[in-house]
Amino acid sequence: MVISKPIACSRMYNLSPRIRGLWDALFALVSLRSGVELEIIAHAAPAPLSALWARPDMGAVFMCGYPFSRMPEGLRPAALAAPVSSEAWSLDQPFYASHILVASTGPVNAVADLAAARWGWTVRDSQSGYHAARSYLAGRFAGTMKQSTTVGPLLNPSGIVAALKDGRIDAGAIDAYAFQLLSMHERDAIDGLRILATTDPLPAPLLVAAQTLPADIATALQRSLVTLHETPEGAAALERLGLRRFSSVAPSAYDVLPQRADDADRRLGISW
């Protein structure tokens, strides 16, 4: 029995009040179309994401694929859908990547410089802000990197951007979709930074519901999400967020993330 309204939360992509407002509008439309009354919450930083993902009233909450994949299968929340970005790196699939960012006038001028760079990272259970960077480095400098100075946890993309601008770090990886949203709506936030490289496309963060949510409610929310692009108002809401659509995803698609992370740990041979 559902005691309270299911929650919706875009915390992973709440990059500014303006961007959060666009997400809230999209969730309000999903709520209207599905017939499920959602409580839209912020769960603002620095409140831990792990606390959000443990809530039994999740209705449509963004979750990083890495911690999702590390959970025992029987304890994972229900996968509803993942976003498909309009950017080329998405391959028109529910994928994302990470951009390796550096300061435009900083000490890192080429990929070769990254082996000795001061790296910033968000949190260790983040695919985009931690594991993607380590996989990228393992593919280019396996066995040759020395233990370098790192700065973290910087919590989220905004923390990476601030550290780059302050000169506390030379390089950092942020979610390419987060960068897209900043480029669209908060251009000043990334002035003075440039993309040095982009990592491989991998399964994107997904909207999840609690296992305890009744199946008919979860199904209604999923149907509303994956058909949102078929209506003029839905397509407009998606376009304002740089998305083509939401796509259903198989939980097993995320199993590649811990495999790649473990492989990078072995190949790099250094810890952060």
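Please refer to the structure higher up on the page.
Think of each chain on its own: its residues are numbered from 1, step by step along the sequence as written. Per-residue local features of the predicted model are confined to residues with pLDDT of at least 70, and side-chain atom pairs are confined, for both listing and counting, to 80 or more; whole-chain, interface and lining totals are unaffected and use all residues. In computing side-chain properties, one takes all heavy atoms of the structure into account and sets aside hydrogens as well as water.

Chemist: How should the packing of aromatic side chains be read in this particular structure?
Modeler: The way to describe two aromatic rings as a pair is by their centre distance and the angle between their planes. Between 30 and 60 degrees the pair is tilted, below 30 it is stacked and above 60 it is edge-to-face, where a pair is any two Phe, Tyr or Trp rings, Trp via its six-membered ring, whose centres lie within 6.5 Å. Per the counting criterion, the structure on display carries nine aromatic pairs. Measuring from ring centre to ring centre gives 5.9 Å for Y130 and W272, while their planes differ by 85°; the resulting arrangement is edge-to-face. Within this pair, whereas Y130 is found in helix α4 (residues 127–141), its partner W272 is found in the segment after α9 (256–268), the two being separated by 142 residues in sequence. Each residue is placed in one exposure class: buried if its accessible area under a 1.4 Å probe, protein chains only, is under 20% of its type's maximum, exposed if it is over 50%, and partly exposed if it falls in between. Judged by its relative accessible area of 6%, Y130 is buried. Through pairs of rings, three or more aromatic residues link up here, namely Y13, W23, F27, F62 and Y177. Only Lys NZ and Arg CZ are tested; either one counts as a charge over a ring when it is within 6 Å of the ring centre and within 35 degrees of the ring normal. In this structure, R76 packs its charged tip against the face of F68, placed 5.1 Å from the ring centre. Looking at R134, its charged tip hangs above the ring of W272, at a distance of 5.3 Å from the centre. Put simply, DSSP marks the helices as runs of H or I at least four residues long and the strands as runs of E at least two long, and each gets a number from the N terminus on.

Chemist: Help me understand helix α6 (residues 176–185) in this model?
Modeler: For the α-helix, the turn length of 3.6 residues means that residues three or four positions removed from each other point alike. Counting buried positions over the ten residues of α6 gives eight, a clear majority of the element. Two N or O atoms count as a polar contact when they lie within 3.5 Å, although within protein this holds only if one can serve as hydrogen donor and the other as acceptor, and sequence-adjacent residues are included solely when both atoms are side-chain atoms. The N-terminus of α6 is capped by D175, whose side-chain oxygen sits 2.7 Å from the backbone nitrogen of Y177.

Chemist: Please explain the nonpolar core as it appears in this structure.
Modeler: Nonpolar side chains tend toward joint burial in soluble globular proteins. Buried residues of nine kinds, namely Ala, Val, Leu, Ile, Met, Phe, Trp, Tyr and Cys, make up a nonpolar core once their side-chain atoms join them within 4.5 Å. Counting residues in each nonpolar core, the largest one holds 72 residues, and the members touching the most others are Y13, W23, L26 and F246. Ranked by residues supplied to this core, first place goes to helix α1 (residues 17–34) with seven residues. Two residues form a contact once any of their heavy atoms are found within 4.5 Å. Leave out the neighbours within four places in its chain, and W23 touches S10, Y13, N14, F62, Y177, L181, L241, L243 and F246. One finds Y136, F141, L196 and A264 within the second-largest nonpolar core, a separate group that totals 22 residues.

Chemist: How should I be thinking about the pattern of salt bridges in this particular structure?
Modeler: Pairing between side chains of opposite charge can happen when their charged atoms approach one another. In the sections that follow, a salt bridge refers to a side-chain nitrogen of Lys or Arg positioned within 4 Å of a carboxyl oxygen of Asp or Glu. All told, the structure shown has 13 salt bridges when counted by the stated rule. Residue E37 pairs with K5 through a salt bridge whose shortest N-O separation is 3.4 Å. Pair noted here: E37 is in the loop between α1 and β2 (39–40) and K5 is in the segment before β1 (7–9), with a separation of 32 residues, a long-range link. Between D57 and R55 there is a salt bridge, with its nearest N and O atoms 2.8 Å apart. Residue classification places D57 among the buried residues on the basis of a relative accessible area of 14%. Taking the relative accessible area as the measure of exposure, R55 reaches 28% and is therefore partly exposed. Linked by salt bridges that have partners in common, D92, R244 and R245 make up one network.

Chemist: Can you help me understand the sheet that holds β1 in this one?
Modeler: Whenever strands of a sheet pair, they do so through backbone hydrogen bonds, lying parallel or antiparallel. We call two strands paired when DSSP finds no fewer than two bridges between them. As summarised here, the arrangement of the six strands in space is β2-β1-β3-β12-β4-β13, forming an open sheet in which the pairing is mixed. Each end of this open sheet is capped by a strand with a single partner; those strands are β2 and β13 (243–247). Pairing of β1 with strand β3 (residues 58–63), which is carried by three bridges, proceeds in the parallel orientation. Residue pairing in the sheet places A8 in a bridge with A60 of β3. Against the sheet, helix α7 (residues 215–226) engages β3, β4 (78–85), β12 (206–209) and β13, with an angle of about 10° to β4. Throughout, an axis means a line fitted to C-alpha atoms (over the contacting stretch in the case of helices), and angles, computed between N-to-C directions, take values from 0 to 180 degrees.

Chemist: Hey, could you run me through unusual backbone geometry in this one?
Modeler: When glycine is set aside, most residues are seen to have a negative phi, and most peptide bonds are trans. In this structure, P46 follows A45 across a cis peptide bond, with omega equal to 10°. Between G152 and P153 the backbone carries a cis peptide bond, its omega angle lying at 5°. Looking at where P153 falls in the secondary structure, it is placed in the loop between β8 (150–151) and α5 (157–166). One non-glycine residue, D92, lies in positive phi territory at about 55°. You can see D92 is positioned in the loop between β4 and β5 (95–96). A relative accessible area of 36% places D92 in the partly exposed class. At L155, a residue that is not glycine, the phi angle is positive and equals roughly 80°.

Chemist: What's the story with the sheet that holds strand β10 (residues 193–198) in this structure? I'm lost.
Modeler: Ordered in space as β8-β7-β9-β6-β10, the five strands form an open sheet in which the pairing is mixed. Each having just a single partner strand, β8 and β10 make up the two edges of the open sheet. Taken together, the two bridges between strand β7 (residues 119–120) and strand β9 (residues 171–175) define a ladder with parallel strand orientation. Looking at the pairing, W119 lines up with A171 of β9. Docked against the sheet, α4 engages β6 (98–103), β7, β9 and β10, running at close to 120° with respect to β9. Taken strand by strand, α5 contacts β6, β7, β9 and β10, and its axis lies near 155° from that of β9.

These values are about where atoms sit, not about what they do.
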